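Below are the chains, spelled out letter by letter.
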There are 2 protein chains.
Amino acid sequence: MNIDFTFENPTRIHFGHTAMQHLPEELKRYGKNILLVYGRNSIKSNGIYNVVMAALNATGKAVFELQGIKSNPSYAQVLAGAKIVEEKKIDLILAVGGGSVIDCSKGIAAAANCQGDPWQRYWMQGEAVEHPVVPIGTILTMTGTASEMNGGSVITNEEKMIKQGRVFPTDTFSPKFSILNPEFTYSVPHYQMVSGIFDIFSHLMEQYFSGDDDCVSDYLLEGDMLALISAARAAVKNPNDYEARSNIMWCATMALNKILAVSKRQDWMVHQIEHQLGAYTDCAHGIGLAIISVPYYKHIYRYGLHRFVRYAKNIWHVDASGKSDEQVALEGIECLSRFIAEMGIPQTLREVGTTEEMLPLIAKSCNKIGGYHVPTTDEVLQMLKECF
Amino acid sequence: MNIDFTFENPTRIHFGHTAMQHLPEELKRYGKNILLVYGRNSIKSNGIYNVVMAALNATGKAVFELQGIKSNPSYAQVLAGAKIVEEKKIDLILAVGGGSVIDCSKGIAAAANCQGDPWQRYWMQGEAVEHPVVPIGTILTMTGTASEMNGGSVITNEEKMIKQGRVFPTDTFSPKFSILNPEFTYSVPHYQMVSGIFDIFSHLMEQYFSGDDDCVSDYLLEGDMLALISAARAAVKNPNDYEARSNIMWCATMALNKILAVSKRQDWMVHQIEHQLGAYTDCAHGIGLAIISVPYYKHIYRYGLHRFVRYAKNIWHVDASGKSDEQVALEGIECLSRFIAEMGIPQTLREVGTTEEMLPLIAKSCNKIGGYHVPTTDEVLQMLKECF
């Protein structure tokens, strides 16, 4: 490890079958007015809504609702929530859902009581939030983003056609508490489940594929990847396998609560491309990441060959004997590609609603960052064509 | 993962060459009266004392000192510190040292303002601490225990000849901040360094060797073990290798800040035996753990054979082809034994001041717990004889 860091993560996690029993004790820490944020109807059909409302009623809360949060939460929804926070003097935002709902809730907390244009100030210019921030609590029903234990908020400004992530400070924006019951994810359909799984896997790879030092975080990232692969295979076979679903849920939280990122150079270019894919299509985030990853890594592995060799050996158990480093590295990327197919994830952009005309627009509009290599617009376009 | 858990860890970590620069901003969060707790003279000879005093003076603090904390901190020292906290109305306990100094500081925070006998109430009976607890900050100069990011406090009651650990609640007893500069550990002599390394390794193994489920934490524990082995070998070759020392420091914190323990059945019997060894001798904690581990694991591996096979393969890369599970497991323990020798750690109790008469006393007085197997007094005595 050779990069200095400050780390803190104050989120209290309640995890397991009995996690929801902690909701009343958590609610008692906050004032009366609650903004309940959620997506479409799934929390009503699976009964979670009723359990949450019972706890809110039992603790004497006044509940205001913002529902219908989209899978790429929109800036318009952020503003609608911020208006409720200001008008109703909200004491706690309770997000019930997946990363989209939680990201939107952080956006609401930032936008409420902001002087000026929150989009410009917080997402585009990355300014510090100086006004008091309403606390957030979460009940997780879909796993992938780790938004339940970090300060990240990815919002899509539909008017401007920009999907932009912001990492807000942990001490104010990270959820104060998060309730994680793996059983709540049983009802997530296969397509959303594997999208979540690949989102997690991508978070781990984006952090792993950079840096040349011997760094504890890389070993831990490998551990989380291995745990995820084992659990993903079990969950695909039996979606109601509690052990598998709980492992996936915790792999997700660990993958992006920043504890595995300390002292790490990182990449995140796959996410940059996918964010713009998400701005032009309604492609599920993890599916987009999976499609882009294979051509991306095939383009950049030569710049970080040693790490791609390590990845092939440690994650996919590629037998290196008698092979060149280049062969071993490519075999590792091939294993990744086979894993994506094994999960039943589409492997072309065409299948997720992308048109050929969109490719240059996505290539041009995405931020250009990187780990071992920062790609040009032309290189990104080439990658997109290879998975079109 | 199949055991429900609640996890929180609010300690803010400042890590790296520049970590000490954060001390003034941290000190400003607290009142005027500081109790500075440290060991013998090493922080004076290596200059850390002067840097700390300069920051304390620059922020206008009144400093009261408690020095001479022993490597097995004594209950008498806890009481001496508690007296200062009460009399001087201390606002922050600043612990500068290793696990002993930090454990002692938590003991002081518990004992100060306690009604009744703190030893009986908090260490022997495990009662909740209900009085307000003085916050603790730490500057780490020796690595191993992770006391810088947990609520643990192991204290030796010299009068009663009992060394007893207590895990206090994280939200009140974990350090509010910890400053970790790997360079501060350069001056730790080889013997203390390898003692710390094995303390870390033992923490990881005590958490790893229990449970039969597929559990994310086991994969992460393996990652931390692999990182530690790599860093330990580099640090033994060159004690001033920053990368190696920083990896060891962070491996230590991760090994016992509880994030790798979530949902884990655990063992901790090696620590129980070593605690009583520490009560009868002045053996360095990690050295004692190393000596006891090999006979202990040779006695219990049959009860958790699958896990010892996994350990041999994943940690020591034992080639399992053509071997029975039993052979693979034993080969793994043999690798551990060779690693202990490679670190230059003594391998017999005789070498660390134990007499034959002490063996039955240690075997009888240690708590009997365990992971795959809970040993009897006779079994512990047999283990002690095998490494005498």
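For the structure, see preceding data.
First, a word on scope: everything that follows refers to the structure included in this document.

Rules of the game
Residues numbered from 1 in each chain as written. Chains lettered and ligands numbered in written order. Predicted model: local features only at pLDDT ≥ 70, side-chain atom pairs only at ≥ 80, totals over all residues. Heavy atoms only, no water. Disulfide = S-S within 2.5 Å. Helix = DSSP H or I, 4+ residues; strand = E, 2+ residues; numbered from the N terminus. Buried < 20%, exposed > 50% of the residue type's maximum accessible area, 1.4 Å probe, protein only. Pairing = 2+ DSSP bridges. Axes fitted to C-alpha atoms, helices over the stretch in contact; angles between N-to-C directions. Parallel < 35°, antiparallel > 145°, perpendicular 65-115°, else oblique. Left-handed = near helix turned anticlockwise from the far one by under 90°. Contact = heavy atoms within 4.5 Å. Nonpolar A, V, L, I, M, F, W, Y, C, P; charged D, E, K, R; others polar.

**What to know about the state of the cysteines**
Phase 1 of the analysis: Using the criterion set out here, one finds zero disulfides over all chains in the structure.
Phase 2 of the analysis: C114 of chain B provides the cysteine sulfur closest to C104 of chain B, a residue in no disulfide bond, and the two sulfurs are 16 Å apart.
Phase 3 of the analysis: Its sulfur unpaired, C215 of chain B is 9.6 Å from the next cysteine sulfur, which belongs to C251 of chain A.

**Thoughts on unusual backbone geometry**
Residue and element names in this part refer to chain B.
Phase 1 of the analysis: Even without being glycine, N113 reaches a positive phi, approximately 65 degrees.
Phase 2 of the analysis: Residue placement: N113 occurs in the loop between α5 (99-111) and α6 (118-124).
Phase 3 of the analysis: For N113, a relative accessible area of 38% translates into the label partly exposed.
Phase 4 of the analysis: We note that K258 has phi near 80 degrees; this positive angle belongs to a residue other than glycine.
Phase 5 of the analysis: Its location among the elements puts K258 in the loop between α10 (242-256) and α11 (269-280).

**Describing the pairing of strand β5 (residues 136-140) of chain A**
All names here are of chain A.
Phase 1 of the analysis: In terms of burial, β5 is largely enclosed, as five of its five residues are buried.
Phase 2 of the analysis: Covered by surrounding structure in β5 are I136, T138 and L140 together with G137 and I139, the residues of both alternating faces.
Phase 3 of the analysis: Sheet topology note: the strand β4 (residues 92-97)/β5 ladder contains five bridges and is parallel. Each bridged residue has a counterpart across the sheet, and for L94 the counterpart in β5 is G137.
Phase 4 of the analysis: The pairing of β5 with strand β8 (residues 177-180) spans four bridges and is parallel. Opposite T138, over in β8, you have S178 as the bridge partner.

**A closer look at the packing of helix α8 (residues 190-208) of chain A against helix α9 (residues 216-237) of chain A**
Residues and elements named next belong to chain A.
Phase 1 of the analysis: Contact geometry of α8 with α9 gives a least axis separation of 9 Å together with a crossing angle of 165 degrees. When the interaxial angle is binned, α8 and α9 end up roughly antiparallel. Classified by chirality, the crossing of α9 by α8 is left-handed. Contact residues: H190, M193, V194, I197, I200, F201, L204, M205, Q207 and Y208 in α8; D218, L221, E222, D224, M225, L228, I229, A232, A235 and V236 in α9.
Phase 2 of the analysis: Across the contact of α8 with α9, the residue classes break down as 15 nonpolar, two polar and three charged.

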